[in-house]
Every structure is written in structure tokens, then in C-alpha cells.
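# Observations on the three-dimensional arrangement
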There are 2 protein chains.
Amino acid sequence: MAKDFFTREENYSRWYNDIVLKAGLAETSAVRGCMVIKPYGYAIWEKMQSALDKMFKDTGHSNAYFPIFIPKSFLNKEADHVEGFAKECAVVTHYRLKNDPSGKGIIVDEDARLEEELIIRPTSETIIWDTYRKWVQSYRDLPILVNQWANVVRWEMRTRMFLRTTEFLWQEGHTAHATKEEAVEETLRMLDVYTEFAEKHMAIPVIKGLKSENERFAGAVDTYCIEALMQDGKALQAGTSHFLGQNFAKAFDVKFSNKAGSMEYVWATSWGVSTRLVGALIMAHSDDNGLVLPPKLAPIQVVIVPIYKSSEEYQKVCEKAYEIKNMLDAKNISVKVDDRDTHKPGWKFNEYEFKGVPIRIAIGMRDLENKTVEIARRDTLEKASYQQADIANKIEHLLEAIQDNLFRKALAFREDNTIKVDKWEDFKSVLDSRGGFIMAHWDGTAETEEKIKEETKATIRCIPFENKNSEKGKCIYSGEPSNQRVIFARAY
Amino acid sequence: MAKDFFTREENYSRWYNDIVLKAGLAETSAVRGCMVIKPYGYAIWEKMQSALDKMFKDTGHSNAYFPIFIPKSFLNKEADHVEGFAKECAVVTHYRLKNDPSGKGIIVDEDARLEEELIIRPTSETIIWDTYRKWVQSYRDLPILVNQWANVVRWEMRTRMFLRTTEFLWQEGHTAHATKEEAVEETLRMLDVYTEFAEKHMAIPVIKGLKSENERFAGAVDTYCIEALMQDGKALQAGTSHFLGQNFAKAFDVKFSNKAGSMEYVWATSWGVSTRLVGALIMAHSDDNGLVLPPKLAPIQVVIVPIYKSSEEYQKVCEKAYEIKNMLDAKNISVKVDDRDTHKPGWKFNEYEFKGVPIRIAIGMRDLENKTVEIARRDTLEKASYQQADIANKIEHLLEAIQDNLFRKALAFREDNTIKVDKWEDFKSVLDSRGGFIMAHWDGTAETEEKIKEETKATIRCIPFENKNSEKGKCIYSGEPSNQRVIFARAY
């Protein structure tokens, strides 16, 4: 199965696409730019949702649901916001079809034109802040800590499955606070939640930081992000958390009476991650044998394949297989016994290897005699014989070890590919030869950032938190003074 | 709190609306016909989703996600389907806005008109069967057992929160099978799943049956449904399961090679329930004191309210309150301690009563001395003093008793309001005086059904399974022969 697909070296982009298609994660649809998320891909997203949803609830948030439609005039209320989103909106203009009088199918019924066009939400700040106006009178009504799981639409011209699609699934948190401090604290808290999710669940190390003005969310005062490095040396923004100041409160007139009894505008945050994380997951860990999944997000954590020659052997090894499955089930490990007699073990081995199942257990007659099983790790492709005694605990530990190993491997890769660069020529040659995170000085101006982007397609991924007090230097492009290095990369 | 709202007797419709608004379940939005589902209402939907999702997975289904957009031409491929849905579609015609040259806001960019208009899914059979064509070649690819949780849009002219909204949330199962028998079996299996969910989780008894041709899903061969009776004597369709025959396979050319090697069209089912179930839940159990929720779907199952005079007392009773909370948490009972010192106990009692929390526990100083707590049941409004010893088990049993009591009460109500009627005059007077399920003979023709609907607004809710072999008689309207009674009612 792995033979008829591209390696990373040969063609990274097709390698990615092949994994998405051949591992059964998603496929393109009849609608331009929209994908079908297939059951195996959707199961990964469900695992992500479940972990994130728990983290949101543990930090005091509740879910709610707001309309998919945004009146056109709403978009226009926040100047930067409309600038950022108006150019990529799906617009609903009519609410009825009718039979074509010529008898050829159906046409839009011009009598059913909307008075005001509706936009399909590209993000929900406007409709939500229009609602919050009704929810907030006094400081006692604050904070509002709400999240929404939803689909959104941005009319992208160039799409790639999971990474950039016209419709995608995401969560968007929208909170309202009485003070600036509290809103900033919330913004950073959720950035930490995303960081923990990326590192502990996705096994992807990320760099936390602040976006430059050019890369800021349309309508935000400050956009914070986590940035991950993919195996081809390109960066991927894995989550953003925005401090929105009072911009949306002012646009939608959301005020509250404070403890002193005077009226103030409410402070806002918003934060989101999307199905693009599935793309990040694929690109961070997978190899030339297919998908590699961290155990915490793998829909199937362990697959058991019986090895047999006769139907008598089949019965015996299957019995043991299900016995082991039951022990793993009891530990909430997700196990599949593939006892289909329509496929050979070798075919199954390839199948689950390609699908990134972290652990494969094979059981044959000799294993029954020796009280062993053969275990193969997807991350290292190592095989070993294990005694059956205490197997559930061993598997549990092995899953932890795999999770850990994937993170350490990704971290080592990122460290190897994070490079301090001080000369403009080096900047360009590093970008073209190997990519990666380039730590370079920048004069802090949007103009310089724009020029660098035009010349190299590299953008400032973030102004990282960690080196805030690092050495001063000179901008790699303009030579003007710089207070700290920022992270440049080409990005998805 | 309960005083400023309508009773069922005074105005059933406003009573319903008041509960939705004042219990914080939902509210209308700036977009006509679309509601905002507020956190408390959404938490009920999450409980429903979680229970249903488990039942779907236990019966072998996986979730997936298909595009929200349906090319206009797809709708037209199945003749009945387009007839049923074209008149209530939101139509996307453009993909960009631009600044109005006159400087007044933003307008639709006419240069960004879609070649083919996109419909926002009112249901997904068409886009899904267009996809299944690629998934199915051989009988080995069948069955496909897929479900989708999604938002859908039907441009309704008259909307009511939860019961009928332009956008609503739902799940839609879409399965593909090699044989008619298997597809019919699946259709009925999912009807049973819905029945179990309605009765065991929602505590609402339902009648299973077949829809008449008039009420059939647009594109189905047979539509099965579960019908519930609301307190005002109107019926509510609580779930439908459709046997689609080969209609969509033929429309989208989905064939498979069977074991004998010849090509056949695939057999289909689809089945769905929506956020309308939240409306059913409200109307089935609530009373003139507000919302009543069955424990299995209550976001908060138990609320603990401390009763105190001094801050010293506050500390002591809160300590006990959290001690009890921890014991209930350990049993996965969802508990809230409302220890806010900004509200009086009486205010809190009214609040949680109105919000339908099944059990309220009050703890005061005398309770500490006597090792008791005061427990109030929402369903019966009874209060009793309980010994603290073994309190978690007692609460657990009480929750079961409340769940059971709500079901029995709803069942008794339905039995009292299911009436055999044999004369046309009685049919009309029963409908006008008390409503309910009217069991009457029908001649089986669409014409008669249509006339009865015109004259009385009553429709055939279903041809029930249970009386399939019941007595013959004469149609209540036409006097023509009838093989069995069917269920008539006015309906939501």
C-alpha cells in the first residue's frame, strides 16, 4: 500500500495529499474548496474536540450556539473586521428556488430576494457581540465565558484539505470582561490551554508569542498565537487567542454599569482552533510509510491481528485476541481486533501502518504456545516479542512511551531547524535551502515586514515570549535597531 | 420569578415562550427565524447528543462531515426531493463583498457571482449520495453506516424557538446497503434507537408508526416516525427514519457489483432528530412553576443551597455542602453548590425551580446538628428531610425515581388523551375541545387525508405499528372501508 505513494523527499505536497486520501481521512467534494471529512479523519477531530472541550469546561467556559448567518450590515460595524473578511464571504441573497418556466430544472426565485443579504459566518464576533448587548447590564453579568463549536466559511482561492478549506470546522471562544486586565489574562490563559493541548495531546511543540500588526486578527488589539514547525520546514499557526480590547463592545454598544455605578464598555477576547489541526498532526509526525498518530488522538490505539492457517487455529488465536482486547478495553484503551478472513495478515499490517495505528499486536499459534504476542510500534517501526502476562499494563506504558517519543522527536526536529540568522543573504539562502524557524532581528515596522514577505514569502510567525529580554541587534533587512529577535518562516 | 409569567391554562404558547426565555434556554437573534441557543439550553442539547451518539456508535455507526453547500443541480436530481425542499432554501449566489463606490458601507460584488448557485443544506442526501458513488464499488464496501452532526437551514415562514427555526442543529444518519431487507432493518433499528432515547432519556412515551404518503419525507419510499403528545393536546414528531429505496442511488448513479458479479443500485436509509427535541422536552414535562427536566438530560441534576445567618454559619454549612458535592461527584451526578452570598436562599430556590433542576438540597445549621438535609423534588414539589448517612445512594435512587415518575406521568397523560372516535362530528369536537391523539378509521386515500386537514387542521401522525391487526371499520370522513385505525392530531 505504501509503495504507490510519494515520499516526503520526492514531493512533500503530494505525500501529504496521499496520506489524507489513502489513510481515509478526507477527500475533495463536488463543492469547490470544500472537503468531505471521512469517518477515520472525523474520529481524530472528535478526539481533539473531546480533549479541548474538557479543557474549556475545566477553565469555566460553557458552550452555546449562535446563528450561522450574519446580516451584511453587522460586518461593517467594525472597520478592521470588515476589511479583513468582506473579500472572502459566501453571500446568501435569496431564500427560494422555483421551477424554470422553460422546463429546464430549477432557478433562483427572484421574488424571494432578501432585503438585506446574509453572510455565512467567517467568524462570529459580530453576531455574538450583538447578542451580548442583551446579556450585559451590570458588572454582575460579567464575565461571560462562552465557546461555540461550529462550521465557518471563508471563500479561499487556493485550498488544501484540512489546511485551508472554504468551509471548516472549529471552535471559537468569545468572552466578555469588566476589566482590561481580566480580558488579557483570559487571552493568555487560553493560549496556554492551546499550548498544553498541542504539546500534550498532539505531541507537537509550539512557540508562543505575539503576532505583528500585519498578521493580527481583523478587529483585535493583540493577537497571540502558537506556531508549530512542519517537516518541510514551513510553519503552521496552530491556534490564536485575541485580545479584542473594547473594539466590538464599541461597535455593538455593549456597556455595563461598574461597581461605582458608571457605564463602561465591555472588554473582549476571542480564541479558536480548527480542523486545520488535523493537517498539522499529519504533517508533524507522519513518515514515508504513511500516517503516524500520537496515541492520545488515535481513533484506534491498538490493533490486534490474528495469524492462522486453519479455521481451528483461527478460533484459538481469535479467542486470545479478544481476551487481550477485553483487558485493554477495561483500561479505556481503544482496540480493534481485525479478524476478517477476507484479508491476509500482511495486507492488514500495511493497512494499519499506513493509518498510523500506534501499536499493532500479532498473535499466532507459536505465541499461544509461548504465551507471547508480537508487538510493533508505529513510531519506530520496531518489533518485539512480549510475554502475555500483565500485557494491559505493558501496552498502557508503551502508549505513553510512544506519545512521549513523538513529542521529543518533533522537539528535536524543531530545535535542529531553528536558526539564528544575522545576514540578509543567509536569511534568503536558509529559507530556500532548508526553511525552518529563522530567529532574526527586525526593526518593528510593518513596511520592513511587508518587504521581506514580498522578497522571500517569509512572514513573522510571532514575537516569541521566551526571548523577550534577549539581546538587541540590527534588523536583518533595514539595519535599523531591534530589541529582540522574532521568528520568520514561510508558512501554511 | 414564576409570578410574572403565563400559566399553561392562560396561554400555552406564551407559557412555552416564557420558559424558553426565562430559564435561559434560548432567545431570538437579529437574523429572522434563527435563535441563539444559550448555555443552559445548549447543555441540554449536549446531553442529548452525548446519549444519542453513544447509541449510534453502539449500533455500528461512525460520524463524518459533508459540505454545508449543495450545488443547485444536485437538488434537482431526485424529483420528489427537489419538490419538497426547493421552496425553502437559502441560496448563496456570490462569494465576495466590496466597498460601495458611493462610500456607504459594503455591497455584494457582482463580479463575484457563482457560476452555479449553492444551496445551504436543508438535509444532506444529495451531497452524501454524490460522495457515496466514490465509496462503493463492490458488496464488500457495504454497508456504509455514517452519521453527521450538523446545522441545516430551511427557510420557514413561521418560526418558534426550538420547535421550528430557520437554522437548526441535528444529526442525520445516512446508510447504504446491499439489499432492501438490510436497509429496511436499519430503518427500523434506528426508529427503535429513537424510541429508546425518547422514553428512557427524555421520559416521553412515543408511538411508533408509518407516515402516510402525504407526510412522507421528500424522496423516501417509506417514512417511519415516533410521535409524542404535548400537554396542550398537540402532537410533536420526535424523530423520523426513512427507507429511501434505491431513489438516491439511481439519482446519483451509485451501483455495486454483488457477489454474483452483476451491478445493482445501492439501498439507502436516512434518519434524524434535531434541536426540536429540546422543545418537546420543555412541553412534555414543564409546569406552571417553570421548566421540569428529566434527570438524565438535566445539565444540573442536584443543586445545593446553603442556609446561614452569619459568616461563621456560612463557612460551616458550605463545608458540608462541598462534602456532599464530592460524594455525588464520585457517582457522576452533576451537582452545583450555589454559595453566592449576593442572593438569598428564597431567590435561589425559585431560580432552580424555574430552571427545572430535579433535586434541590438545602443545608442549614439545624441540619448540621441533626445530620440531615432538606430535599425538594422538582417533579412533585415535595420536600422532605433526609438523614445525611448514605446520602449519595439516596440521591442516586431519587434521581431514578424522578426519571421514572416523569415518564409514568407523561404516559398516563397520553393514555388519558388518546381517544377512539367513530363519528365525524365527535372528531371535530374532540379536536376543538381537548385535542389529543384521535384513533380513527381512514380509507387510506390522500384525498381524504387532505380534506380532513383542510377542515380541521388535523393530520395523520402515523399509522401505528401496534394496532396493525386491529379491527376493521369505516373511514371517519368518507365512510369507505378501513383496515385499521390511524392516529390523527393537530401537530407542531
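The shown structure was predicted, so the numbers you read here are calculated from the model rather than taken from an experiment.

## Considerations on the overall build of chain A
Along chain A, the regular secondary structure elements total 14 helices and 27 strands. The C-alpha atoms of chain A give 26 Å as radius of gyration, which agrees with the globular expectation for 492 residues (23 Å, within 12%). By principal-axis analysis of the C-alpha atoms, chain A measures approximately 80 × 70 × 55 Å. A total of 492 residues make up chain A; the buried ones form 48% of that total. Within chain A, counting contacts between residues at least 6 apart in sequence, those at least 24 apart form 68% of the total.

## Focus: the pairing of strand β9 (residues 144-153) of chain B
All names here are of chain B. Counting buried residues in β9 gives seven out of ten residues, a clear majority hidden from the surface. Note that strand β3 (residues 62-63) and β9 share two bridges and pair parallel. Counted as the bridge partner of Ser62 is Val146 from β9. Note that β9 and strand β10 (residues 167-177) share ten bridges and pair antiparallel. Its bridge partner being in β10, Val153 is matched across the sheet by Glu167.

## A look at the interface of chain A and chain B
Taken residue by residue, the interface counts 51 residues in chain A and 50 residues in chain B. Along the lines of polarity and charge, the residues of the side of chain A that touches chain B split into 31 nonpolar, ten polar and ten charged. Bridge count between strand β5 (residues 91-94) of chain A and strand β5 (residues 91-94) of chain B: three bridges; the pairing is antiparallel. Bridge pairing in β5 of chain B places His94 of chain A opposite Val91 of chain B.

## Some remarks on the packing of helix α2 (residues 39-58) of chain A against helix α6 (residues 180-201) of chain A
Residue and element names in this part refer to chain A. Where α2 contacts α6, the two axes come as close as 11 Å, and the packing angle between them is 145°. Like other packed secondary-structure pairs, α2 and α6 cross with a definite hand, here right-handed. Across the interface between the two elements, Ala51, Leu52 and Met55 from α2 touch Val193, Phe197 and His201 from α6. Per-class residue counts for the contact of α2 with α6 are five nonpolar, one polar and no charged.

## Quick notes on the sheet that holds strand β18 (residues 335-337) of chain B
Residues and elements named next belong to chain B. The five strands are arranged β18-β17-β19-β20-β21 in an open sheet whose pairing can be described as mixed. Lying at the two open borders of the sheet, with one neighbouring strand each, are β18 and β21 (383-387). Strand after strand, the sheet turns through a mean of 25° between neighbouring axes, direction not considered. Here strand β19 (residues 359-363) runs beside strand β20 (residues 372-377); their pairing, made up of four bridges, is antiparallel. When the sheet's bridge partners are listed, Ile359 is paired in β20 with Arg377. In the packing of helix α9 (residues 311-329) onto the sheet, contacts are made with β17 (302-306), β18 and β19, and the angle to β17 comes to roughly 165°. Of the strands in this sheet, β17, β19, β20 and β21 are in contact with helix α12 (residues 391-416), which crosses β19 at around 150°.

## Details of the relation of the copies chain A and chain B
Taken as rigid bodies, chain A and chain B are interconverted by a rotation of 180° and an axial shift of 0.0 Å, the fit giving an RMSD of 0.0 Å. Read as a symmetry element, the transformation amounts to a two-fold axis. Rotation axis and chain A: the residue whose C-alpha lies nearest the axis is Val92 of chain A, separated from it by 2.1 Å.

## A closer look at unusual backbone geometry
In the segment running from Leu142 of chain A into Pro143 of chain A, the intervening peptide bond is cis, with an omega of -5°. Positionally, Pro143 of chain A belongs in the loop between α5 (125-135) and β9 (144-153).

## A look at the domain arrangement of chain A
Segmentation of chain A into domains returns domain 1 (2-71 + 127-285), domain 2 (296-413) and domain 3 (418-489). Placing a centre on the C-alpha atoms of domain 2 of chain A and another on those of domain 3 of chain A gives a separation of 46 Å.

## Section: the environment of Glu319 of chain A
Position of Glu319 of chain A relative to the elements: it lies in helix α9 (residues 311-329). Residues Glu319 of chain A and Leu52 of chain A lie 267 residues apart in sequence; the distance between their C-alpha atoms is 37 Å.

## Observations regarding the sheet that holds strand β3 (residues 62-63) of chain A
All names here are of chain A. What the eleven strands build is an open sheet, ordered β3-β9-β10-β16-β13-β12-β11-β24-β27-β23-β22; its pairing is mixed. Pairing within the sheet leaves two strands with one partner each, and these edge strands are β3 and β22 (418-420). Across three bridges, strand β24 (residues 459-464) lies against strand β27 (residues 485-489) in antiparallel orientation. Bridging from a neighbouring strand, Cys462 pairs with Ile487 of β27. Along the sheet, α6 contacts β10 (167-177), β11 (207-210), β12 (222-229), β13 (235-245) and β16 (267-274); its crossing angle with β13, the most-contacted strand, is approximately 165°.

## Quick word on the confidence of the model for chain A
Here chain A shows a mean pLDDT of 96. Residues at 70 or above account for 99%. Listed scores for the predicted complex are pTM 0.96 and ipTM 0.96.

## Considering the pairing of strand β8 (residues 113-120) of chain A
Residue and element names in this part refer to chain A. Bridge analysis of strand β4 (residues 69-71) against β8 gives three bridges, and the strand direction is antiparallel. Within β8, the residue paired with Phe69 across the bridge is Ile120. Taken together, the three bridges between β5 and β8 define a ladder with antiparallel strand orientation. Bridge pairing links Val91 to Ile119 in β8.

## Details of the environment of Pro306 of chain B
Residue and element names in this part refer to chain B. When you line up the elements, Pro306 lands in strand β17. Taking the number of C-beta atoms within 10 Å as the measure of exposure, Pro306 has 26 and is therefore buried. Along the backbone, Pro306 and Asp338 are 32 residues apart, and their C-alpha atoms lie at a distance of 7.4 Å. Apart from residues lying up to four places away in sequence, Pro306 is in contact with Tyr314, Val317, Cys318, Ala321, Asp339 and Ile363.

Scoring rules and cut-offs
Residues numbered from 1 in each chain as written. Chains lettered and ligands numbered in written order. Predicted model: local features only at pLDDT ≥ 70, side-chain atom pairs only at ≥ 80, totals over all residues. Helix = DSSP H or I, 4+ residues; strand = E, 2+ residues; numbered from the N terminus. Rg over C-alpha atoms; globule rule 2.2 N^0.38 Å. Buried ≥ 20, exposed ≤ 12 C-beta atoms within 10 Å, placed from the backbone. Contact = placed C-beta atoms within 7 Å. Pairing = 2+ DSSP bridges. Nonpolar A, V, L, I, M, F, W, Y, C, P; charged D, E, K, R; others polar. Axes fitted to C-alpha atoms, helices over the stretch in contact; angles between N-to-C directions. Left-handed = near helix turned anticlockwise from the far one by under 90°. Least-squares fit on C-alpha atoms with pLDDT ≥ 70 in both. Domains from an automatic or database assignment. pLDDT = per-residue confidence, 0-100.

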